[in-house]
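# Residue-level structural notes
For reference, the chains in residue letters:
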Amino acid sequence: MCVHAHPDDESSKGAATMAKYVDEGVEVLVVSCTGGERGDVLNPALKDRPEIEANIREIRRTEMAQAQRILGVKHHWLGFVDSGLPEGDPLPPLPEGCFGLVPLAESTRALVELVRQFRPHVMTTYDENGGYPHPDHIMCHNVSVAAFEAAGDIEAFPDAGDPWQPLKLYYDVTFTRERIEALHNAMVERNIESPYEEWIANWEERAKDRRVPTVTTKVHCADQFDRRDAALLAHATQVDPEGWFFKIPLDVQREVFPWEQFELARSLVDTDLPEDDLFAGVREKAERS
(Lines give C-alpha, C1' and ligand atoms only; values in the text may rest on other atoms or scores of the structure.)
Protein backbone atom coordinates (compact mmCIF):
# COMPACT_ATOMS: atom_id res chain seq x y z
CA MET A 1 0.00 0.00 0.00
CA CYS A 2 1.50 3.31 -1.14
CA VAL A 3 -0.11 6.31 0.58
CA HIS A 4 0.15 9.66 -1.20
CA ALA A 5 -1.22 13.15 -0.73
CA HIS A 6 -2.38 13.97 -4.27
CA PRO A 7 -2.84 12.31 -7.64
CA ASP A 8 0.53 12.54 -9.48
CA ASP A 9 2.56 12.01 -6.28
CA GLU A 10 2.41 8.25 -6.86
CA SER A 11 4.02 8.65 -10.28
CA SER A 12 6.94 10.81 -9.11
CA LYS A 13 7.73 8.80 -5.95
CA GLY A 14 8.35 5.08 -6.16
CA ALA A 15 6.36 4.46 -9.34
CA ALA A 16 8.91 2.19 -10.99
CA THR A 17 9.14 0.13 -7.80
CA MET A 18 5.37 -0.28 -7.77
CA ALA A 19 5.41 -1.38 -11.42
CA LYS A 20 8.22 -3.85 -10.68
CA TYR A 21 6.25 -5.51 -7.92
CA VAL A 22 3.10 -5.59 -10.07
CA ASP A 23 5.16 -7.41 -12.72
CA GLU A 24 6.17 -9.93 -10.05
CA GLY A 25 2.55 -10.62 -9.15
CA VAL A 26 2.28 -8.43 -6.06
CA GLU A 27 -1.01 -6.60 -5.44
CA VAL A 28 -0.21 -2.89 -5.11
CA LEU A 29 -2.73 -0.33 -3.91
CA VAL A 30 -2.15 3.41 -4.31
CA VAL A 31 -4.10 5.58 -1.88
CA SER A 32 -4.66 9.24 -2.80
CA CYS A 33 -5.60 11.10 0.37
CA THR A 34 -7.03 14.06 -1.59
CA GLY A 35 -8.34 14.74 -5.06
CA GLY A 36 -5.74 17.37 -5.88
CA GLU A 37 -8.53 19.91 -6.42
CA ARG A 38 -6.37 22.91 -5.53
CA GLY A 39 -3.31 21.94 -7.53
CA ASP A 40 -2.00 24.53 -9.97
CA VAL A 41 -1.83 23.70 -13.67
CA LEU A 42 1.92 23.34 -14.19
CA ASN A 43 1.99 22.34 -17.85
CA PRO A 44 2.54 25.59 -19.83
CA ALA A 45 0.55 24.19 -22.76
CA LEU A 46 -2.55 23.83 -20.56
CA LYS A 47 -2.35 26.93 -18.38
CA ASP A 48 -5.05 29.62 -18.34
CA ARG A 49 -7.63 27.45 -20.05
CA PRO A 50 -11.02 28.10 -18.43
CA GLU A 51 -12.42 24.67 -19.35
CA ILE A 52 -9.59 23.03 -17.41
CA GLU A 53 -9.78 25.30 -14.40
CA ALA A 54 -13.55 24.79 -14.20
CA ASN A 55 -13.24 20.99 -14.27
CA ILE A 56 -9.92 20.38 -12.53
CA ARG A 57 -11.35 17.82 -10.09
CA GLU A 58 -12.75 15.60 -12.85
CA ILE A 59 -9.66 16.07 -15.02
CA ARG A 60 -7.35 15.00 -12.22
CA ARG A 61 -9.47 11.90 -11.61
CA THR A 62 -9.19 11.02 -15.30
CA GLU A 63 -5.43 11.56 -15.23
CA MET A 64 -5.11 9.34 -12.17
CA ALA A 65 -7.09 6.56 -13.84
CA GLN A 66 -4.69 6.65 -16.80
CA ALA A 67 -1.62 6.56 -14.56
CA GLN A 68 -3.16 3.66 -12.65
CA ARG A 69 -3.60 1.67 -15.86
CA ILE A 70 -0.02 2.34 -16.93
CA LEU A 71 1.43 1.18 -13.62
CA GLY A 72 -0.96 -1.74 -13.23
CA VAL A 73 -1.87 -0.82 -9.66
CA LYS A 74 -5.15 -0.66 -7.80
CA HIS A 75 -6.28 2.75 -6.60
CA HIS A 76 -8.45 4.24 -3.85
CA TRP A 77 -9.51 7.84 -3.16
CA LEU A 78 -9.46 8.37 0.61
CA GLY A 79 -11.91 11.22 0.06
CA PHE A 80 -10.37 14.32 1.63
CA VAL A 81 -10.06 17.77 0.02
CA ASP A 82 -6.76 19.23 -1.17
CA SER A 83 -5.40 21.94 1.15
CA GLY A 84 -3.51 23.80 -1.56
CA LEU A 85 0.01 25.11 -0.98
CA PRO A 86 -0.17 28.29 1.11
CA GLU A 87 2.16 31.04 -0.01
CA GLY A 88 3.08 34.39 1.51
CA ASP A 89 4.68 35.82 4.62
CA PRO A 90 2.96 35.27 6.90
CA LEU A 91 1.32 32.18 5.42
CA PRO A 92 -2.45 32.43 5.04
CA PRO A 93 -4.68 30.03 6.96
CA LEU A 94 -5.61 26.74 5.33
CA PRO A 95 -9.06 26.63 3.72
CA GLU A 96 -11.87 25.33 5.90
CA GLY A 97 -12.59 21.62 5.53
CA CYS A 98 -9.31 20.74 3.83
CA PHE A 99 -7.23 17.63 4.55
CA GLY A 100 -4.65 19.58 6.53
CA LEU A 101 -7.33 20.56 9.06
CA VAL A 102 -9.17 17.25 9.38
CA PRO A 103 -8.83 15.83 12.92
CA LEU A 104 -6.18 13.11 12.88
CA ALA A 105 -8.53 10.54 14.40
CA GLU A 106 -10.98 11.03 11.53
CA SER A 107 -8.44 10.65 8.73
CA THR A 108 -6.66 7.81 10.53
CA ARG A 109 -9.89 5.87 10.88
CA ALA A 110 -10.49 6.14 7.12
CA LEU A 111 -7.04 4.75 6.36
CA VAL A 112 -7.21 2.07 9.07
CA GLU A 113 -10.43 0.78 7.53
CA LEU A 114 -8.73 0.56 4.14
CA VAL A 115 -5.64 -1.14 5.59
CA ARG A 116 -7.85 -3.74 7.23
CA GLN A 117 -9.68 -4.35 3.95
CA PHE A 118 -6.60 -4.54 1.70
CA ARG A 119 -4.31 -6.22 4.29
CA PRO A 120 -0.91 -4.98 3.04
CA HIS A 121 2.35 -6.41 4.34
CA VAL A 122 4.26 -3.24 3.41
CA MET A 123 3.25 0.43 3.44
CA THR A 124 5.08 3.43 1.95
CA THR A 125 4.53 7.12 2.63
CA TYR A 126 6.52 10.34 3.27
CA ASP A 127 8.83 11.33 6.10
CA GLU A 128 7.74 13.65 8.92
CA ASN A 129 8.44 16.72 6.78
CA GLY A 130 6.30 15.35 3.98
CA GLY A 131 9.30 15.08 1.69
CA TYR A 132 8.75 18.82 1.34
CA PRO A 133 6.63 21.00 3.62
CA HIS A 134 3.26 20.86 1.89
CA PRO A 135 0.50 20.59 4.53
CA ASP A 136 -1.10 17.63 2.77
CA HIS A 137 2.21 15.77 2.58
CA ILE A 138 2.84 16.31 6.27
CA MET A 139 -0.68 15.18 7.10
CA CYS A 140 -0.23 12.17 4.82
CA HIS A 141 2.78 11.18 6.91
CA ASN A 142 0.89 11.64 10.16
CA VAL A 143 -2.08 9.62 8.97
CA SER A 144 0.03 6.82 7.50
CA VAL A 145 2.12 6.37 10.64
CA ALA A 146 -0.95 6.48 12.87
CA ALA A 147 -2.77 3.95 10.69
CA PHE A 148 0.24 1.62 10.59
CA GLU A 149 0.25 1.56 14.39
CA ALA A 150 -3.53 1.35 14.85
CA ALA A 151 -4.57 -1.11 12.13
CA GLY A 152 -3.43 -4.14 14.12
CA ASP A 153 -4.74 -2.90 17.46
CA ILE A 154 -7.97 -4.67 18.36
CA GLU A 155 -8.96 -1.76 20.62
CA ALA A 156 -8.37 0.95 18.01
CA PHE A 157 -11.32 1.82 15.77
CA PRO A 158 -13.20 -1.41 16.57
CA ASP A 159 -15.90 -0.57 14.00
CA ALA A 160 -13.37 -0.28 11.15
CA GLY A 161 -12.96 -3.98 10.39
CA ASP A 162 -10.93 -6.90 11.71
CA PRO A 163 -7.41 -5.93 12.86
CA TRP A 164 -4.53 -6.33 10.41
CA GLN A 165 -0.93 -5.43 11.18
CA PRO A 166 1.33 -4.37 8.30
CA LEU A 167 4.90 -5.53 8.86
CA LYS A 168 7.03 -2.75 7.37
CA LEU A 169 6.67 1.00 6.85
CA TYR A 170 8.91 2.94 4.45
CA TYR A 171 9.43 6.58 3.54
CA ASP A 172 9.85 7.43 -0.14
CA VAL A 173 13.26 8.94 -0.90
CA THR A 174 13.60 10.80 -4.17
CA PHE A 175 16.33 13.35 -4.86
CA THR A 176 19.29 12.40 -2.70
CA ARG A 177 22.64 14.04 -3.28
CA GLU A 178 24.04 10.66 -4.30
CA ARG A 179 21.48 10.29 -7.06
CA ILE A 180 21.68 13.87 -8.32
CA GLU A 181 25.48 13.87 -8.46
CA ALA A 182 25.61 10.47 -10.18
CA LEU A 183 23.21 11.58 -12.91
CA HIS A 184 24.79 15.02 -13.25
CA ASN A 185 28.30 13.59 -13.62
CA ALA A 186 27.08 11.04 -16.17
CA MET A 187 25.56 13.82 -18.28
CA VAL A 188 28.71 15.94 -18.10
CA GLU A 189 30.88 12.96 -19.09
CA ARG A 190 28.67 12.45 -22.14
CA ASN A 191 28.76 16.15 -23.10
CA ILE A 192 25.01 16.45 -22.53
CA GLU A 193 23.58 19.46 -20.75
CA SER A 194 22.62 18.50 -17.21
CA PRO A 195 19.46 19.89 -15.60
CA TYR A 196 21.13 19.49 -12.21
CA GLU A 197 24.03 21.92 -12.54
CA GLU A 198 22.25 24.63 -10.56
CA TRP A 199 21.06 22.06 -8.01
CA ILE A 200 24.64 20.97 -7.36
CA ALA A 201 25.92 24.54 -7.14
CA ASN A 202 23.22 25.54 -4.63
CA TRP A 203 22.84 22.25 -2.81
CA GLU A 204 23.50 23.56 0.67
CA GLU A 205 20.96 26.35 0.24
CA ARG A 206 18.35 23.98 -1.19
CA ALA A 207 18.92 21.42 1.53
CA LYS A 208 19.08 23.66 4.59
CA ASP A 209 15.41 23.22 5.49
CA ARG A 210 15.17 19.63 4.30
CA ARG A 211 15.61 16.48 6.33
CA VAL A 212 18.53 14.35 5.16
CA PRO A 213 17.10 10.87 4.60
CA THR A 214 18.73 7.64 5.69
CA VAL A 215 18.61 5.42 2.64
CA THR A 216 18.22 1.84 3.81
CA THR A 217 16.79 0.23 0.70
CA LYS A 218 17.49 0.43 -3.03
CA VAL A 219 15.08 -1.39 -5.32
CA HIS A 220 16.45 -2.18 -8.79
CA CYS A 221 13.64 -1.15 -11.16
CA ALA A 222 15.36 0.21 -14.28
CA ASP A 223 13.16 -1.89 -16.57
CA GLN A 224 10.13 0.03 -15.29
CA PHE A 225 11.51 3.58 -15.71
CA ASP A 226 9.63 4.03 -18.98
CA ARG A 227 6.31 3.20 -17.29
CA ARG A 228 7.16 5.55 -14.43
CA ASP A 229 7.65 8.39 -16.89
CA ALA A 230 4.53 7.49 -18.87
CA ALA A 231 2.47 7.46 -15.68
CA LEU A 232 3.81 10.86 -14.69
CA LEU A 233 3.07 12.27 -18.14
CA ALA A 234 -0.50 10.99 -17.78
CA HIS A 235 -0.93 13.74 -15.17
CA ALA A 236 -0.85 16.25 -18.00
CA THR A 237 -2.06 19.26 -16.02
CA GLN A 238 0.66 18.75 -13.42
CA VAL A 239 3.71 17.98 -15.54
CA ASP A 240 5.61 19.88 -18.21
CA PRO A 241 6.68 17.21 -20.74
CA GLU A 242 9.63 19.44 -21.64
CA GLY A 243 10.62 19.92 -18.01
CA TRP A 244 13.77 18.95 -16.17
CA PHE A 245 12.33 15.67 -14.89
CA PHE A 246 12.58 14.18 -18.39
CA LYS A 247 15.98 15.60 -19.41
CA ILE A 248 18.06 12.58 -18.36
CA PRO A 249 17.94 9.89 -21.09
CA LEU A 250 16.57 6.59 -19.82
CA ASP A 251 19.63 4.66 -20.94
CA VAL A 252 21.79 6.95 -18.78
CA GLN A 253 19.50 6.49 -15.78
CA ARG A 254 19.44 2.72 -16.22
CA GLU A 255 23.22 2.55 -16.39
CA VAL A 256 24.12 5.03 -13.67
CA PHE A 257 21.34 4.85 -11.09
CA PRO A 258 18.95 1.96 -11.79
CA TRP A 259 17.27 2.08 -8.38
CA GLU A 260 14.58 3.83 -6.42
CA GLN A 261 15.40 4.58 -2.81
CA PHE A 262 13.51 4.18 0.45
CA GLU A 263 14.04 4.62 4.16
CA LEU A 264 12.85 1.84 6.45
CA ALA A 265 10.98 3.62 9.23
CA ARG A 266 9.37 0.70 11.07
CA SER A 267 9.79 -3.05 10.82
CA LEU A 268 8.15 -5.88 12.71
CA VAL A 269 10.27 -8.50 10.97
CA ASP A 270 14.00 -9.15 11.04
CA THR A 271 15.89 -7.67 8.12
CA ASP A 272 19.50 -6.86 7.32
CA LEU A 273 20.40 -3.37 6.13
CA PRO A 274 20.99 -2.27 3.46
CA GLU A 275 18.14 -3.98 1.61
CA ASP A 276 17.28 -4.46 -2.06
CA ASP A 277 13.68 -5.52 -1.51
CA LEU A 278 10.79 -3.87 0.35
CA PHE A 279 9.64 -7.37 1.28
CA ALA A 280 12.95 -8.42 2.83
CA GLY A 281 12.09 -10.28 6.02
CA VAL A 282 8.43 -10.47 5.03
CA ARG A 283 9.07 -13.21 2.48
CA GLU A 284 11.09 -15.18 5.03
CA LYS A 285 8.32 -14.82 7.62
CA ALA A 286 5.76 -16.05 5.09
CA GLU A 287 7.92 -19.07 4.26
CA ARG A 288 8.29 -19.96 7.95
CA SER A 289 4.54 -19.68 8.42
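Look up: the structure comes first, before these words.
This one's a predicted model, so the numbers in the text were calculated from it and none came from an experiment.

## Some points on the overall build of the protein chain
Secondary structure assignment for the protein chain yields 12 helices and 7 strands. Its C-alpha radius of gyration of 19 Å places the protein chain within 12% of the 19 Å reference for a compact globule of 289 residues. Projected onto the principal axes, the alpha-carbon positions of the protein chain cover approximately 60 × 50 × 35 Å. Counting every position in the protein chain, which comprises 289 residues, the buried fraction comes to 48%. Across the protein chain, the centroid of the 30 positively charged side chains sits 3 Å from that of the 53 negatively charged ones.

## Some thoughts on the packing of helix α4 (residues 56–71) against helix α10 (residues 225–234)
Running from N to C, α4 and α10 point in directions that differ by 170°, and their axes come no closer than 8 Å. Relative to α10, the element α4 lies roughly antiparallel. In this structure, α4 uses E63, Q66, A67, I70 and L71 to contact α10, whose residues at the interface are R227, R228, A230, A231 and A234.

## Observations concerning the nonpolar core
Counting 28 residues, the largest nonpolar core has M1, V3, V31, L111 and M123 as its most contacted members. Secondary-structure elements contributing two or more residues to this core are β2 (29–34), β3 (74–80), α5 (104–118) and α6 (135–150). Top contributing element to this core by residue count: α6, with 6 residues. In contact with M123, other than residues within four places in its own chain, are M1, V3, L111, V115, S144, F148, P166, K168, L169 and Y170. Judged by nonpolar contacts, the second largest core, of 24 residues, contains L71, V122, V219 and V282.

## Here we look at unusual backbone geometry
The linkage connecting D89 with the following residue, P90, adopts the cis geometry, with an omega of 5°. Mapped onto the elements of the fold, P90 is located in the loop between β3 and α5. In this chain, L273 is followed by P274 through a cis amide linkage whose omega measures 0°. Residue position: P274 is located in the loop between β7 (259–267) and α12 (282–288).

## Brief notes about the environment of Q261
By the element assignment, Q261 lies in strand β7. Residues Q261 and S11, spaced 250 residues apart in sequence, show a C-alpha to C-alpha distance of 14 Å.

## Some words on the pairing of β7
Both faces of the sheet carry side chains from a regular strand, because those side chains alternate between them. Pairing geometry for strand β5 (residues 168–173) and β7, over 6 bridges, is antiparallel. Bridge pairing in β7 places Y171 opposite E263. Note that strand β6 (residues 217–220) and β7 share 4 bridges and pair antiparallel. Within β7, the position partnered with H220 by the bridge is W259.

## What about helix α7 (residues 177–189)?
With 13 residues, α7 extends 18 Å from end C-alpha to end C-alpha; this agrees with the ideal 18 Å at 1.5 Å per step. Taken residue by residue, α7 has R179, I180, L183, H184, A186 and M187 as its buried positions. Buried residues in α7, looked at end-on, bunch into an arc of 160°, giving them a common side. Backbone geometry just downstream of α7 places N191 in the positive-phi region, at approximately 55°.

The rules behind each value
- Residues numbered from 1 in each chain as written.
- Predicted model: local features only at pLDDT ≥ 70, side-chain atom pairs only at ≥ 80, totals over all residues.
- Heavy atoms only, no water.
- Helix = DSSP H or I, 4+ residues; strand = E, 2+ residues; numbered from the N terminus.
- Rg over C-alpha atoms; globule rule 2.2 N^0.38 Å.
- Buried < 20%, exposed > 50% of the residue type's maximum accessible area, 1.4 Å probe, protein only.
- Lys, Arg positive; Asp, Glu negative; His and termini not counted.
- Charge placed at Lys NZ, Arg CZ, Asp CG, Glu CD.
- Axes fitted to C-alpha atoms, helices over the stretch in contact; angles between N-to-C directions.
- Parallel < 35°, antiparallel > 145°, perpendicular 65-115°, else oblique.
- Contact = heavy atoms within 4.5 Å.
- Core = buried A, V, L, I, M, F, W, Y, C linked by side-chain atoms within 4.5 Å.
- Pairing = 2+ DSSP bridges.
- Expected span 1.5 Å × (residues − 1).
- Arc of directions from axis to C-beta.

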